[in-house]
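Examining the three-dimensional arrangement
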Amino acid sequence: MPPSLSRRAFLSGAAALPLAATLPRAGLTLPLNAPFTVGAFTVLPILDGPFGLSPVLMPQAESMEGEKLVERAGLPAQGPWPQPVNVFAIKRGEHTYLVDAGAGATLGPDLGKAAERLAAVGVDAAKVEAVLMTHLHADHAGGLMAAGGGAFFPNAEIVVQQEEVAFWTDDGAMSRMPTAMEAMFNIARGALTAYKGRVRTVAGAGTAVPGISFVPLPGHTPGHAGLLLADGKDQFLIFADTIHSALLQFPHPSWTVVFDVDQSLAAATRKGILDRLVTDGIPVTGSHIADRGRIVARNMGYAMVD
Ligand SMILES: [Zn+2]
């Protein structure tokens, strides 16, 4: 599968990453410490930190429509537009799980706050049974590793889609990617190595842990997936990186970020899951949005409502 990501787009995107260090704080609504329940599950969103989106990272936003939305939101035209990187702690009875682990030390000092914030709200790293991975990008998997590269969660297993592991451990896939992607491969590989012998892979829409199952959402990465919590009639979906900007991608679901390994598949997957959520009415949140709610169709796109 040839990456639709152009080398130039990716390189400029990668170069823009350090922008996260100079982000304005305003405009980022923190989901921090606002737990909610889904049946017997308690979900605690934890902000790992902000990252800065910009037209360089989402080229379709450099358009009249994009400029209008950005200006109306009071954001600078060229970015950075702060987006949250979220981690989710999930408790059910004696069980503690995480969805993703944040960036750890891999993406600069603004990110990687999940560890201390989890501790501050009483989530003991040693008690985390499983870290359910939406995908293995650095802002999700970097925090699996302690500063020295070992496992940050001493007793956790890592649960991840089989396709995701296959992609990041494939030397052929790595050699076909721009050199700037090498660091991403090395972080994913480092995380898998740190948990050698306790990485459990799931193929497709299988159970991750009791009551929580994967919803494959390929495109952003080959094994990118959401996690669906279900307890009786209560359901809730964490749709991961389906949306990188609620402001821009709910109204324009075809707009994609340069980090999507397959941009057209990512856009098709985004529309598919949003259509399904409109029909099913299942509430959602994601890794890079500050709200949760239900999805409705609006104009030619979608919106999130309470
Ligand atoms: Zn992400």
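Refer to the structure presented above.
So, a few notes on the structure that sits alongside this text. (Residues numbered from 1 in each chain as written. Predicted model: local features only at pLDDT ≥ 70, side-chain atom pairs only at ≥ 80, totals over all residues. Heavy atoms only, no water.)

Some details on the coordination of the zinc ion
Protein-derived ligands of the zinc ion are Asp139 (OD), His140 (NE2), Asp241 (OD) and His288 (NE2), with the metal-ligand distances lying across 2.0 to 2.4 Å. Taken together, the 4 donor atoms coordinating the zinc ion span angles of 88 to 167 degrees at the metal, a pattern that classifies the geometry as irregular. Donor residues binding the zinc ion come from one chain and are separated in sequence as D-H-x100-D-x46-H. Judged on exposure class, the residue Asp139 and its partner His140 are both buried. (Donors = N, O, S within 2.8 Å, 3.2 Å for Na, K, Ca; no water. Tetrahedral: all angles 85-135°; square planar, octahedral: opposite > 155°, others 65-115°. Buried < 20%, exposed > 50% of the residue type's maximum accessible area, 1.4 Å probe, protein only.)

Re helix α2 (residues 64-72)
What α2 keeps buried is the set Gly66, Leu69 and Val70. Along α2, the residues classed as buried sweep out an arc of 95 degrees about the axis, all on the same side. Set apart from the buried face of α2 by more than 90 degrees, the exposed residues are Met64, Glu71 and Arg72. Buried residues in α2 make contact with β3 (81-92) and α8 (246-249). A positive backbone phi angle near 75 degrees is found at Gly74, which sits one or two residues after α2. (Helix = DSSP H or I, 4+ residues; strand = E, 2+ residues; numbered from the N terminus. Arc of directions from axis to C-beta. Contact = heavy atoms within 4.5 Å.)

Topic: the packing of aromatic side chains
The description of two aromatic rings rests on the distance between their centres and on the angle between their planes. Across all of its chains, the model carries 5 aromatic pairs by this definition. Taking 4.9 Å as the distance between ring centres and 80 degrees as the angle between the ring planes, the aromatic pair formed by Phe167 and Trp168 counts as edge-to-face. What makes Phe167 buried here is its relative accessible area of 10%. Ring centres of Phe167 and Phe185 lie 5.4 Å apart, and the angle between their planes is 45 degrees; this geometry places the pair in the tilted category. Of this pair, Phe167 sits in helix α5 (residues 162-168) while Phe185 sits in helix α7 (residues 182-194); the two residues are 18 residues apart in sequence, bridging distant segments of the chain. (Phe/Tyr/Trp six-rings, centres within 6.5 Å; stacked < 30°, edge-to-face > 60°.)

With respect to the environment of Ala146
In this structure, Ala146 sits in the loop between α4 (138-141) and β6 (157-161). Placed 42 residues apart in sequence, Ala146 and Gly104 show a C-alpha to C-alpha distance of 7.5 Å. If near-sequence neighbours (up to four positions away) are discounted, Ala146 is found in contact with Ala151 and Phe152.

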